[in-house]
Each structure stands twice: as structure tokens, then as C-alpha cells.
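Working through the structure, step by step
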Amino acid sequence: MIAEADRCALILKPILRGRDLKKYSYEFNSIFLINTHNGIKQKGIPRINVEKDFPAVFKYLENFKPQIVDRFDQGDHWSNLRNCAYLEDFEKPKIVWGEISDKPKFAYDDSNYYAEATTFIMTGGNLKYLLAILNSKVSEWYFNQIGTTTGMGTNRWKKYKIELLPIKVPTSDEQAEVETLVNQIVEAKKNNPSADTNLLEQQVDELVYGLYGITEEETRLIEEK
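So, here is what we can say about the structure in this document. Throughout this document, residue positions are counted from 1 along each chain, in the order its sequence is written. Only residues with pLDDT of 70 or above have their local features reported here, since the model is predicted, and side-chain atom pairs are shown and tallied only from 80 upward, although totals for entire chains, interfaces and linings are computed over all residues. Side-chain measures were taken over the full set of non-hydrogen atoms in the model, leaving aside hydrogen atoms and water.

**A closer look at the pattern of salt bridges**
Note the following rule: When a carboxyl oxygen of Asp or Glu is within 4 Å of a side-chain nitrogen of Lys or Arg, the pair counts as a salt bridge. Where helices and strands are cited, they refer to DSSP runs of H or I of at least four residues and of E of at least two residues respectively, numbered from the N terminus. When accessible area is computed with a 1.4 Å probe and restricted to protein chains, residues below 20% of their type maximum are described as buried, those above 50% as exposed, and intermediate ones as partly exposed.
This model, assessed by the stated rule, comprises 17 salt bridges. One salt bridge in this structure joins Glu-140 and Lys-103, with 3.2 Å as the shortest N-O distance. Remark: Lys-103 occurs in the loop between strand 4 (100–101) and strand 5 (106–109) and Glu-140 occurs in helix 6 (residues 137–146); sequence separation between them is 37 residues. With relative accessibility at 18%, the residue Glu-140 sits in the buried group. Salt bridges sharing common partners tie together Glu-99, Arg-156 and Lys-158.

Here is the structure:
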């Protein structure tokens, strides 16, 4: 696979797990998916012919052939993954978050990371604005009220619960102000996942309080939780 590195890189995709995700960022732990996908027939994208086009990968997979062949969720050939209708979404700008967490840990990714089964992804428009709302103290307070807990001090950040969060539609100026701060946070974290962005995050929280018309008394209530 090393000898065919340039070619193999086409199907070796970096993976983010729930444990890799942080607020606004992530730490990649050098884990990869061998994306021998089964194609997307509706879009005319053919399946990966691993044996023909990626012989080094095929040879590697043969080391695990009994386990791979016995899978119930495989593609047209034993070396292919099962069908995935949203395969292309992984290579779009997106918000990624883990199912179980004690606090909001919504990360922004525009580097084509794939996400595994303990995570969710969100694509579409206005992602930086949504990221600010989702990572805010308002969001944390809200999901503590409606969320499903694990009984171990953490919440389950399920998709159907995320969809219940009321999103304030901003003016263009409000959105620009929020996104300017989010861009600074994301860039700082991209250069250094441990970068201290607390001051910027506090400014985001203050803007979110303003967007939702939250009073000083209500702010104190949220901050105390």
C-alpha cells in the first residue's frame, strides 16, 4: 500500500470518531477508512473495483477475508462496502458531533473527513452561524431540559433532538457578526486544537443571548446551570 500510496490515497479516508470531537474543533488520531464503496447507482458512480484498480489494498483485505465475507451488509463484491446514499456528503463542509457528550461539542470540518457510527453530520447552508448556536450556552441549557441522558452525567445528542432546537433567523448584519467570531475560533483551533478561544466563545454567547432576547436574569439562570 505504501508503494502505491498515490493511488491508494484516493480511497483511504481520514475518520473522525465521537471521542475525537471538541467544541468547534477535533483532534485527528490517524485512523482511516478504506473506502471501497459500492458506487451510487442513481448518479452513475460505479463501485470500486478493488482487485483491478487497487491491488495493494485488495491484498491487504485478503488478510481479513473470512470476517469480511461473513458480513451481512456488504456491496456487490466482498471487498466493497455496503451502499451509502449520503457518501458524497462526507466531502462537503459540515458540522460533526458525537452522540454522547457532557457538553455541546459541535466541530466544523471542511477537510473531507469521514465520520463513523458514533457521530452525526450536518451539511447545507449557514453552517458557521448554526455552529455558534449549537455550541452556545443557550444550546447547552436547552438540551439539558429536553435531552435524553445516559444516566452517567452525559446527554445523547440525537438528531431528532437537535431538530427541536429553535433557530433564530438573523439579519445579515447579525449573521456576519456571529460568523466573524466563529471563523476566528475555527481558524485558531485548526492551527492548534488546544488554542484558548474562551474570550471569543464568550463573545459568541453574548451575541446568542441577544439574538434570542434573553434578559440578564435569564442569562444568570443559564450561567448557573
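**Section: the environment of Asn-63**
Take Asn-63: it is sitting in the loop between helix 3 (55–62) and helix 4 (65–69). For Asn-63, a relative accessible area of 56% gives the class exposed. Along the backbone, Asn-63 and Leu-199 are 136 residues apart, and their C-alpha atoms lie at a distance of 51 Å.

**Quick look at the packing of aromatic side chains**
Here is the rule we go by: Whether two aromatic rings pair depends on their centres lying within 6.5 Å, for rings of Phe, Tyr and Trp, where Trp uses its six-membered ring; planes under 30 degrees apart make the pair stacked, over 60 edge-to-face, and the rest tilted. In this analysis the charged atom, NZ for Lys or CZ for Arg, is taken to sit over a ring once it is within 6 Å of the ring centre and within 35 degrees of the ring normal.
Considering all chains together, one arrives at 12 aromatic pairs under this definition. Ring geometry for Phe-58 and Trp-78: centres 5.3 Å apart, planes at 45°, overall tilted. With Phe-58 in helix 3 and Trp-78 in the loop between helix 4 and strand 3 (94–98), this residue pair connects regions lying 20 residues apart in the sequence. By relative accessible area, which is 8% here, Phe-58 ends up buried. By way of ring pairs, the aromatic residues Trp-97, Phe-106, Phe-120, Tyr-142, Phe-143 and Trp-157 are connected into one cluster. Just above the ring of Phe-54 sits the side chain of Arg-7; from NZ or CZ to the centre is 4.8 Å.

**Things to note about the pairing of strand 1 (residues 12–16)**
Moving residue by residue along a regular strand, the side chains alternate between the two faces of the sheet. Definition in use: Strand pairing is assigned whenever DSSP detects at least two bridges linking the two strands.
For strand 1, a buried count of four out of five residues is recorded, marking the element as mostly surrounded by other parts of the structure. As defined by bridge partners, strand 1 adjoins strand 2 (residues 32–34) across three bridges and the pair is classed as antiparallel. Paired with Lys-13 across the bridge in strand 2 is Leu-33. Examined bridge by bridge, strand 1 and strand 6 (residues 114–115) share two bridges and lie parallel to one another.

**Quick notes on the sheet that holds strand 2**
With mixed pairing, the three strands of this open sheet are ordered in space as 2-1-6. One side of each edge strand has no neighbouring strand; the edge strands of this open sheet are strand 2 and strand 6.

**Here's the deal with the sheet that holds strand 7 (residues 119–122)**
Here is the rule we go by: To get an axis, fit a line to the C-alpha atoms, keeping to the stretch in contact for a helix; angles then go from 0 to 180 degrees between the N-to-C directions.
Across the sheet, three strands lie side by side as 5-3-7; this open sheet has antiparallel pairing. Lying at the two open borders of the sheet, with one neighbouring strand each, are strand 5 and strand 7. If you compare each strand with its neighbour and ignore which way they point, the axes differ by 30° on average. Two strands pair when backbone bridges link them, and strand 3 and strand 5 are joined in this way by four bridges, in the antiparallel orientation.

Geometric values such as these leave the question of function open.
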